[in-house]
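Here is what each chain is made of, one letter per residue.
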Amino acid sequence: MSEAPPAIQLIEVSKSYHSIKNLREGRGATVSFLNFFRILTGSGAQSTMALDSVSFDVRKGEIFGLLGPNGAGKTTLIKILSTLVLPDSGKALVEGINVAKRPRATVGRLQTVFAENLGFERRLTGRQNLEFFADLRGIPKKVAQARIKEIFEFAGMTEWADVMYQRYSTGMARRLLVARALLAEASVLLFDEPTTALDPISAAEFRKLIKEDLAVRQGKTILLATHNLWEAEQLCDRIAVLRKGRVLIVGTPEEIKAKVSDRVNLSLLVRNYVPGSANSVVEAIRGVGGVMGVDVVENADDEGRTRLNIEGSKTLNYNEVFQRLTALGIEVTSLESSQPSLEDAFLKLNMEAGA
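Residues numbered from 1 in each chain as written. Predicted model: local features only at pLDDT ≥ 70, side-chain atom pairs only at ≥ 80, totals over all residues. Heavy atoms only, no water.

Asks: Just to check I follow, could you spell out unusual backbone geometry for this structure?
Replies: The bulk of non-glycine residues show a negative phi, and the bulk of peptide bonds are trans. A positive phi is found at Thr-83, a non-glycine position, where the angle reads about 70 degrees. Look at Thr-83 and you get partly exposed, because its relative accessible area is 27%. Residue Asn-272 is not a glycine yet carries a positive backbone phi of 70 degrees. Mapping Asn-272 onto the fold places it in the loop between β11 (263-271) and α10 (278-286). (Buried < 20%, exposed > 50% of the residue type's maximum accessible area, 1.4 Å probe, protein only. Helix = DSSP H or I, 4+ residues; strand = E, 2+ residues; numbered from the N terminus.)

Printed below as a string of structure tokens:
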């Protein structure tokens, strides 16, 4: 028996965008299509590489994260998988189907939830909006009504089903986007910055919907693009870190954090710090063997104490840190030590790549 294909597979996918940098036509001038094409493909065009030979697999049933700064290529990658953009080279497969060659078959298996609440009519209820999209998909009316009822129950939106969309909060509108994506009963869901603009409570509820309901209860495969490193660490089984269109690493959060396993983070609360003397304190501590970074936070607590955040190697000489602070007349009142986070690993990977 042959092994089932990955839910998502990217093989050397590349995509670049072209823009015109020098179009010196006067106001009201006519630019012919031929001249426009010559400018676009000639010396007057700039090319930006959005994706550069990206390859990775997403396993069936896992939550896979895409991490990267603005311009890393996350949204372009999602648009390619959603059949909205064609790759220049390489292949993108959803459950073994080439998305560029068979877009209709892909759309039946994959649905995308963008952060923007696009396409909903404000003067229709949530139920009426979903009925409209079900009709567009050609779903028979009775089947659609039953499915919409189930979706509202699943998403915890039953009491909002017959409320006009214009009364929905941002969090509720985001849930309706998920409900719309579930109409097609797709097995693969793509999320692009799903908790952007949500308040902390709504964001927490939405993360619970993704992890406990969509992934665990329904067995969906989820690709999640996010800037939120804590969110990625809490939700994702594996993560791909992107920078300028290239994959820096793919692995579990623990595997990625292992990239900075040789480091330690110290947080000290101190008294008798002289306001405005941060430079001298930083200079003194930086002279200690093993110290890699120092940050001073004045008035960090209700008692007006100052916090010193120190990043160092595991060979960091704690005693020498205390001695140098004592020499400055600074008293250490508490110390916390922690292992580096996913954010620390993310920053290190980007710095090593030349960010």
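Asks: Sorry, what's going on with the packing of helix α6 (residues 170-182) against helix α7 (residues 200-217) here?
Replies: How two helices pack is summed up by the angle between their axes together with the distance between the axes. Two elements in contact, α6 and α7, have axes whose closest approach is 9 Å; the angle formed by their N-to-C orientations is 20 degrees. By the angle between their directions, the pair α6 and α7 is classed as roughly parallel. Along this stretch, α6 crosses α7, giving a crossing that reads as right-handed. Residues Gly-171, Arg-174, Arg-175, Val-178 and Leu-182 of α6 form the contact with α7, whose own contacting residues are Ser-202, Glu-205, Phe-206, Leu-209 and Leu-214. For the contact of α6 with α7, the class distribution of residues is 5 nonpolar, 2 polar and 3 charged. (Axes fitted to C-alpha atoms, helices over the stretch in contact; angles between N-to-C directions. Parallel < 35°, antiparallel > 145°, perpendicular 65-115°, else oblique. Left-handed = near helix turned anticlockwise from the far one by under 90°. Contact = heavy atoms within 4.5 Å. Nonpolar A, V, L, I, M, F, W, Y, C, P; charged D, E, K, R; others polar.)

Asks: Quick question: what am I supposed to make of helix α5 (residues 141-154) here?
Replies: Residues separated by three or four positions in an α-helix point in the same direction, a consequence of the helix having 3.6 residues per turn. Between its first and last C-alpha atoms α5 spans 20 Å; for 14 residues at 1.5 Å apiece the expected length is 20 Å, and the two agree. Positive phi appears at Gly-156, one or two residues downstream of α5, with a value of about 65 degrees. (Expected span 1.5 Å × (residues − 1).)

Limitation: the analysis is restricted to geometry and does not speak to function.
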